[in-house]
Amino acid sequence: MLSLFRLHEIDDVLLAQAEAFKARVPILYAILIINTVTLAYTHHGIAPDAITIFAPGAIIAVMFVRLLHWNKLQKIQLSVAQARTTIRSTTVIAGVLAVLLLCWSLAMLHYGGPPPGAGQMSTKGHVVLYVGLTVICCICLLMHVRAAALLVTATIVPAFCTYLMMGGGKIELVVAINLLLVIGAMTYVLMIFARDFEHAIKAKARQRRLSERNTVLANTDAVTGLPNRRRLFAEMESCAEKNQPFGIIVLDLDGFKQINDLHGHPVGDKVLVEAGKRLAALVPADACCARMGGDEFAVFLPGRRNTADLVTLSCELIATLRPPIVLPDAVANIGASAGISINNPSINDGRCSDHYKQADYALFHAKKHSRGRAEVFSPFHERSIRMEGRIEQALRQSNLEDEISVAFQPIVRASDGRIVSYEALARWSNADLGSVPPSTFIAVAERSDIIQRLTRIVLSKALAAARDWPSDISLKINLSMRDLSSPEQVLRLVSIIRQSDVEPKRVAFEITESALSDDLGAVRSALNVFRAMGLTVAIDDFGSGYSNLRYIHRLQPDIIKIDRSFVERLGEEASASSIVKTIVELCHNIGARALAEGAETPEQVALLQGLGCDEIQGYFFGRPVTQDEVTSFLHARQHGELVPALA
Ligand code: C2E
Ligand code: MG
Ligand code: MG
C-alpha cells in the first residue's frame, strides 16, 4: 500500500511525471481557486466571515504562491534532483491543502443555510458539488503524480462522505454513496493511467538508450574503441560550418600488413589497439584521435594551429609507435608516416574532405619519399596533385598504343658479363606533356586501371621485339599489383604471351616487393597461373620495403633482384656488402638466382661478383636503349664484333 505513495525509482519516469505535471499545474490551481471563490460567495452571510472570507483567502493565498513558484519552473528543464524535490513537495502540499479544503468544506456544510425554496439549489448541495468537482479535478490533473492524487482523494472523500452520512438524511446517504462510487471508479482509472504512463516512459527510455548506444556504436571503431571515420568527419564538418580553423594529421602504420600476414588478424587487431592507445595518450584533450580504417589513424585538432606545433605533435605520434609492441604471441615492430593539413578559413575555405585528402596526399608523399617522417601539405604538393591530374587525364585520353614505347636494359651473367636478358621499361612521350618519366606516369597509372592497359601494351611491344632475339636471351616485364589482383588481366596477359612467337620460358614477370604486402593470396594465384605455363617469376627491388621472408618462402621466386640502394652503398658501407651477401645466400638456399640492380662502377661489379651474385643489371653494362639499338647490338655480337663492357 505504501509503495503507491513512494517516489518512482527510475529517473526517466520521475522526470516525465514532473514535466507532464508542470504543464497542468496552472489549470489545476485556476480551477481550485474558481471553485473556492464560488463556494465562499454562496456561503457569504450564511457562515461567519472567518470561514467565507479569511479561511478561503488564506487557502487561495497559499495556492497563489504555489502558482507563482510553478510559473518559474515552466521555463526551465528540470533535473532529476529537481523533479524528485518537486514531486515530493507537491505531494506534501497536496496533502496539506486537502486537509485545509476538507476542514473548510465541512465547516461550510455545518453552517449550511436554511433549506431553499422549491427548484432552488441548497448550499449543502453546493458544498457536495464543490468537494466532488475538486476531487475529480485533482485526480484528472494530478494523474502524473499518483501519490498526490491518491493523498487528496484519501484525505477528503472518506471523511467528507462519512460526515455526510452521519447527518442521517436519506438524500445525504445516497449522495455520499454516489460520491464514493464515482471517486472509486476515478481512482481505478488513475491507477491504470499511472501504470500505462510508467510503461510508456520506460519504453521510451529504452528506445532512447538503444538509439544512444547505436549512435555511439556508429561513431566508434569496433577494434580500437577510438572514434571512427564518421565521427572525425562530423567533428571536422561542425568546425568548418562555424568557420573555425582546424588542423588534421593522418598517420599510416608502416609494416602493419606484414604483421597481419605473418601472425594473423587477431594479432594484427591487438597491434592496432596498442597503437591506438599510444596515439590517443598523446593528443590534446580537445582533439579527436580516430581510426580511419585499415592501418590508418587521424588526429583532428580544432582551433587555430601553428604548423610547427602540428609537426612536433606528428613527430611525437610517430615516435610513440616506434618502440616494439610486445604481445603474448608476437613482438611487432611498426613505424608510421604522417601527413598534415591545416585549414584556415580566412585563407582557404575548401571542403573538409579536401583537407583530409590534402593530409592524405602529404602522407602518401611522406611514405614514398621520407618514410617514418611527417610532411605538411604545401604548394609543392598542390602542384604535384595538379600535375598528376593532368597526367591521368592525358593517360586516359591518349592513344597509348602509339605514345608508349619500350626501352630495354641489358642484364648480364656475373661470371662472364654476357647478356642473358633484357628488362622492358615503359617510356611515354605525349604531345602536350612531352617525355614523362616512368616513375611519375607509372605511379599515376597504378592508382587506376590505366596500368592494366599499359602493361598489356608494354608486354605486346616487348614480345614483338624479343621474337627476333636469339633464343638464349630472355625478357623481363614489370607487373603491378593491379595486374595480379585482377583474374581477367591475368588471363589477358597469358593470352598475349600465347599469341606471341616467344616461348613462355623466355619470359619473366617482375613483381615489386612492396606489391606483395597488398594481397598475398591474389599474388599467389596469379603466379601459379604464370608458372603453370612456364613463365619465370622475379621479386623486384628486394630489400626496399618491409622484406618478409615468409613471402619469399610462399612465393618461391626464380629470381630475386637486390634493390639498387644496397648496390649503391657497396664499398662505402660495410653493412651493404653483408646485406647483399645474406640475400645472395638466401637466394641460393631457396634455389633462386640473385640479380643485383643498379651497378654503375667497375668496383661495384667486382664486389657483386665476389659476393656470388648470379646476374647484374646497371648503367655499367648499359642504360635502357631502344629496340633498334638492341637488335643492332645483338646482330654485332652474333657476328663477333667487339662491344665494350658487354659480351
Ligand atoms: P625497376 O623495375 O626497378 O627498373 C629499373 C629502374 O632502374 C629503371 O628505371 C632503370 O633505368 C633504372 N636503372 C637501371 N640501372 C641503373 C643504374 O645503374 N643506376 C640508376 N640510377 N638507375 C638504374 P626506369 O626505367 O626509370 O623505371 C623506373 C621504374 O618504373 C621501374 O623500376 C619499374 O618499377 C617502373 N616501370 C618501368 N616500366 C614499367 C612497366 O612497363 N610496368 C610497370 N608496372 N612498371 C614499370
Ligand atoms: Mg623491374
Ligand atoms: Mg628494380
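Attention in this report is confined to the structure presented alongside it. Values in this document were obtained by computation on a predicted structure and should not be read as measured data.

## Side note on the overall build of the protein
When you go through the protein residue by residue, the secondary structure sums to 24 helices and 16 strands. The C-alpha radius of gyration computed for the protein amounts to 44 Å, which surpasses the reference 26 Å derived for 647 residues by more than 25%, pointing to a less compact arrangement than a globule. Relative to its 647 residues, the protein shows a buried fraction of 47%. Within the protein, residue pairs in contact and separated by at least 24 positions form 72% of the contacts whose partners lie at least 6 positions apart.

## Thoughts on the site of ligand 1
In the vicinity of ligand 1, 22 residues are found, and the nearest of them are Gln 409, Arg 427, Asp 540, Glu 600 and Tyr 619. Between ligand 1 and Ser 480 there is a distance of 3.1 Å, counted from a nitrogen atom to a side-chain nitrogen or oxygen. A distance of 2.9 Å separates an oxygen atom of ligand 1 from a polar atom in the side chain of Asp 540. For the shell around ligand 1, the elements supplying multiple residues, two or more each, are strand S9 (419-430), helix H14 (438-446), strand S11 (474-479) and strand S13 (536-542). By residue number, the principal contributor to the shell around ligand 1 is S9, which donates four residues. Of the residues belonging to the shell around ligand 1, the class tally is nine nonpolar, five polar and eight charged.

## Considerations on the packing of aromatic side chains
A full pass over the atoms with the stated rule returns 12 aromatic pairs. Centroid distance Tyr 422 to Trp 469: 5.1 Å. Interplanar angle 50°. Geometry classified as tilted. On the criterion of sequence distance, the pair formed by Tyr 422 in strand S9 and Trp 469 in the loop between helix H15 (450-466) and S11 is long-range, its members being 47 residues apart. A relative accessible area of 2% places Tyr 422 in the buried class. Taking the relative accessible area as the measure of exposure, Trp 469 reaches 6% and is therefore buried. Among the aromatic side chains, those forming a connected cluster through ring pairs are Tyr 361, Phe 364 and Phe 377. Over the ring of Tyr 619 we find Arg 623, and its NZ or CZ is 3.8 Å from the ring centre.

## Brief notes about the coordination of the magnesium ion (ligand 2)
With distances of 2.0 to 2.2 Å, the protein atoms coordinating the magnesium ion (ligand 2) are Glu 423 (OE), Asn 478 (OD1), Glu 510 (OE) and Asp 540 (OD). Donor residues for the magnesium ion (ligand 2) sit on one chain with the sequence pattern E-x54-N-x31-E-x29-D. Here the magnesium ion (ligand 2) and the magnesium ion (ligand 3) are spaced 3.9 Å apart, linked through Asp 540, which binds each one. Taken together, the residues span a long stretch of sequence, with Glu 423 in strand S9 and Asp 540 in strand S13 at a distance of 117 residues. On the basis of relative accessibility, which here comes to 5%, the residue Asp 540 falls in the buried class.

## Some remarks on the coordination of the magnesium ion (ligand 3)
The coordination sphere of the magnesium ion (ligand 3), as far as protein atoms go, consists of Asp 540 (OD), Asp 541 (OD), Glu 597 (OE) and Glu 597 (OE), spread over 2.0 to 2.7 Å. If you list the donors of the magnesium ion (ligand 3) from N- to C-terminus, the spacing comes out as D-D-x55-E.

## Let's talk about the pairing of strand S3 (residues 296-302)
The buried fraction of S3 is high, at six of seven residues. Sheet topology places strand S1 (residues 246-254) next to S3; seven bridges connect them, and they run antiparallel. Across the sheet, residue Phe 246 finds its bridge partner in S3, namely Pro 302. In the sheet, strand S2 (residues 288-293) pairs with S3 via five bridges, with the strands oriented antiparallel. Residue pairing in the sheet places Cys 288 in a bridge with Phe 300 of S3.

## A look at the packing of helix H1 (residues 11-43) against helix H2 (residues 49-74)
With their axes 10 Å apart at the nearest point, H1 and H2 run at an angle of 165° to one another. Relative to H2, the element H1 lies roughly antiparallel. The two elements H1 and H2 cross, and the hand of that crossing is left-handed. Residue-level inspection shows Phe 21, Lys 22, Ala 23, Val 25, Pro 26, Tyr 29, Leu 32, Ile 33, Thr 36, Val 37, Ala 40 and His 43 of H1 in contact with H2, the latter providing Thr 52, Pro 56, Ile 60, Met 63, Phe 64, Arg 66, Leu 67, Trp 70, Leu 73 and Gln 74.

## Notes on the sheet that holds strand S6 (residues 335-343)
Read across the sheet, five strands follow the order S2-S3-S1-S6-S7 without closing on themselves; strand pairing throughout is mixed. Among the strands making up the open sheet, the edge pair consists of S2 and strand S7 (374-376). Neighbour to neighbour, the strand axes of the sheet diverge by 20° on average, direction disregarded.

## Overview of the pattern of salt bridges
Close approach of charged atoms allows side chains with opposite charge to pair. With the rule as written, the count across this model stands at 27 salt bridges. For Glu 597, the salt bridge is made with Lys 561, and the minimal N-O distance between the two is 4.0 Å. Of this pair, Glu 597 sits in the loop between strand S15 (593-596) and helix H23 (602-610) while Lys 561 is found in strand S14 (residues 559-562), placing the two residues 36 residues apart along the sequence. You can call Lys 561 buried: its relative accessible area is 0%.

## So, the environment of Glu 235
Among the structural elements, Glu 235 can be located in helix H7 (residues 229-241). Overall, the relative accessible area of 23% leaves Glu 235 in the partly exposed class. Sequence separation between Glu 235 and Cys 288 is 53 residues; the distance between their C-alpha atoms is 8.1 Å. Apart from the residues within four sequence positions on either side, Glu 235 is in contact with Cys 288 and Phe 300.

Criteria and thresholds
Residues numbered from 1 in each chain as written. Chains lettered and ligands numbered in written order. Predicted model: local features only at pLDDT ≥ 70, side-chain atom pairs only at ≥ 80, totals over all residues. Heavy atoms only, no water. Helix = DSSP H or I, 4+ residues; strand = E, 2+ residues; numbered from the N terminus. Rg over C-alpha atoms; globule rule 2.2 N^0.38 Å. Buried < 20%, exposed > 50% of the residue type's maximum accessible area, 1.4 Å probe, protein only. Contact = heavy atoms within 4.5 Å. Near = heavy atom within 4 Å. Polar contact = N/O pair within 3.5 Å; in protein donor to acceptor, adjacent residues only side chain to side chain. Nonpolar A, V, L, I, M, F, W, Y, C, P; charged D, E, K, R; others polar. Phe/Tyr/Trp six-rings, centres within 6.5 Å; stacked < 30°, edge-to-face > 60°. Lys NZ or Arg CZ within 6 Å of the ring centre and 35° of its normal. Donors = N, O, S within 2.8 Å, 3.2 Å for Na, K, Ca; no water. Pairing = 2+ DSSP bridges. Axes fitted to C-alpha atoms, helices over the stretch in contact; angles between N-to-C directions. Parallel < 35°, antiparallel > 145°, perpendicular 65-115°, else oblique. Left-handed = near helix turned anticlockwise from the far one by under 90°. Salt bridge = Lys/Arg side-chain N within 4 Å of Asp/Glu carboxyl O.

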